[in-house]
Amino acid sequence: MMASRSTLQLTSADESAEPIDSREAADSHRAAASVSKALHILDCFSDVDHAMSLSELARRAELPKSTAFRLLAYLEEAGYVIRNAKMYRVGSKLFELGSRTNLCSTGGIRDIANPYLSDLHVRTGYVVHLAEMIGTDVMYLDKMQGHRSPTTPTRVGGRFNATCCALGKAMLANSDNLTVADALRTGLPKRTAYSIGEPGRLIRELQLIRHNGVAFDREEAALGLVCVAAPIMFQGSAVAAISVSGATTQFDPRAVAGLVQKSADRIAEQYGLTQRQAATA
């Protein structure tokens, strides 16, 4: 009988503990879902430059307006978004966090490239970019331009399809076969009539770029805009690329190709030195 009572007590204790575990798991799942939804709302700002209403954000995030409103209130309180009347924008808290990434740190690629970008802009007078590859897109890390610079469809932190611009082609030409295959599988968008839309033509151009060390964009990203880019190499791969862009009526990219390539090589040399020092520290 004693053994029986002991067994019943153990069974009872196990049964009473199980709902607690289930509640904790449910709470954890709800918290994770809320975080995921809040991050999805922030992602909605990644490809727009304007403030958005609650309705637009809820539609983009595919959330009920009540859920979006509640999550935006939390994000606003924490400084991740700001609200002006009924319109929402990204808050300064995200700028603070973004500036803490390795890309922006002392000794990072942006920090090392900055003086060379300044020199390029001063010497050419045209728009200068620094970018890296994210998947099959180019992400712009830095941009320098003057009062009379042509309008370019770029912004720091923005993305652009790699196959449509000189920066992307310079990095793709020095990437592994899998990355190139991913770019082809994603598709070759025709942003202008001059964009490369045929896989075979792109492969041939990438081979030529790899041989010559520079890539050209002849109105492939935007009409009236031409560009030359060179990769920043480290351990056999392109970690980033730099470019100079100008209007077709004013700028011959071939005239500065050597200067762009030389600047990229100097950045690569400095970047490699920094990485080796960090590895032995």
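Up top you'll find the structure we're talking about.
Residues numbered from 1 in each chain as written. Predicted model: local features only at pLDDT ≥ 70, side-chain atom pairs only at ≥ 80, totals over all residues. Heavy atoms only, no water.

Q: Sorry, what's going on with the packing of helix α5 (residues 109–124) against helix α9 (residues 257–280) here?
A: Each pair of packed helices gets described by two things: the angle between the helix axes and the distance between those axes. Running from amino to carboxyl end, α5 crosses α9 at an angle of 160 degrees, the nearest separation of the two axes being 9 Å. On the basis of the axis angle, α5 is roughly antiparallel to α9. Along this stretch, α5 crosses α9, giving a crossing that reads as right-handed. Residues I109, I112, A113, Y116, L120, R123 and T124 of α5 touch α9, and the partners they reach there are L259, V260, S263, R266, I267, Q270, Y271 and T274. (Axes fitted to C-alpha atoms, helices over the stretch in contact; angles between N-to-C directions. Helix = DSSP H or I, 4+ residues; strand = E, 2+ residues; numbered from the N terminus. Parallel < 35°, antiparallel > 145°, perpendicular 65-115°, else oblique. Left-handed = near helix turned anticlockwise from the far one by under 90°. Contact = heavy atoms within 4.5 Å.)

Q: When you look at the environment of C165 in this model, what are you seeing that I'm missing?
A: In this fold, C165 is placed in the loop between β6 (159–161) and α6 (166–172). For C165, a relative accessible area of 5% puts it in the buried group. Each C-alpha atom, one on C165 and one on D217, is 5.6 Å from the other, the two residues being 52 residues apart in sequence. Dropping the residues within four chain positions of it, C165 is found in contact with V138, Y140, F160 and D217. (Buried < 20%, exposed > 50% of the residue type's maximum accessible area, 1.4 Å probe, protein only.)

Q: Help me understand the layout of surface pockets, please; the structure alone is not making it clear to me.
A: Rolled over the atoms, a probe with the dimensions of a water molecule shows which regions are left empty. Looking at the largest pocket, its volume works out to about 1,300 Å³. Elements supplying a minimum of two residues to the lining of the largest pocket: α1 (2–43), α4 (92–98), β5 (137–144) and β6. A per-element tally of the lining of the largest pocket places α4 first, with four residues. For the lining of the largest pocket, a count of residues per class yields 15 nonpolar, nine polar and seven charged. (1 Å grid on protein atoms, 1.4 Å probe; cavity = no way out; pocket = protein on both sides within 12 Å on 5 of 7 lines; lining within 4 Å. Points joined across faces, edges and corners; volume = space filled by probe spheres on them. Nonpolar A, V, L, I, M, F, W, Y, C, P; charged D, E, K, R; others polar.)

Q: Looking at this structure, I do not really get the sheet that holds strand β8 (residues 225–234). What am I missing?
A: To summarise the sheet geometry, strands pair through backbone hydrogen bonds and adopt either a parallel or an antiparallel arrangement. Strand order in this open sheet of six strands is β6-β5-β4-β9-β8-β7, and the pairing throughout is antiparallel. Across the chains shown, the open sheet's two edge strands, defined by having one partner strand only, are β6 and β7 (215–218). Between one strand axis and the next, the sheet turns by 30 degrees as a mean value, whatever way the strands run. As paired elements, β8 and strand β9 (residues 237–247) share 10 bridges and run antiparallel to each other. The residue bridging A229 from the neighbouring strand is S243, located in β9. (Pairing = 2+ DSSP bridges.)

Q: Mind showing me how you'd approach the nonpolar core here?
A: Counting residues in each nonpolar core, the largest one holds 29 residues, and the members touching the most others are L130, V228, I232, I242, V244 and V260. Mapped by element, the contributors of at least two residues to this core are α5, β4 (127–134), β5, β8, β9 and α9. No other element matches α9, which puts six residues into this core. In this view, V260 contacts L120, V228, A229, A230, I242 and V244; residues no more than four positions away in its chain are not counted. Counting 27 residues, the second-largest nonpolar core is a separate cluster that includes M133, Y140, F160 and L167. (Core = buried A, V, L, I, M, F, W, Y, C linked by side-chain atoms within 4.5 Å.)

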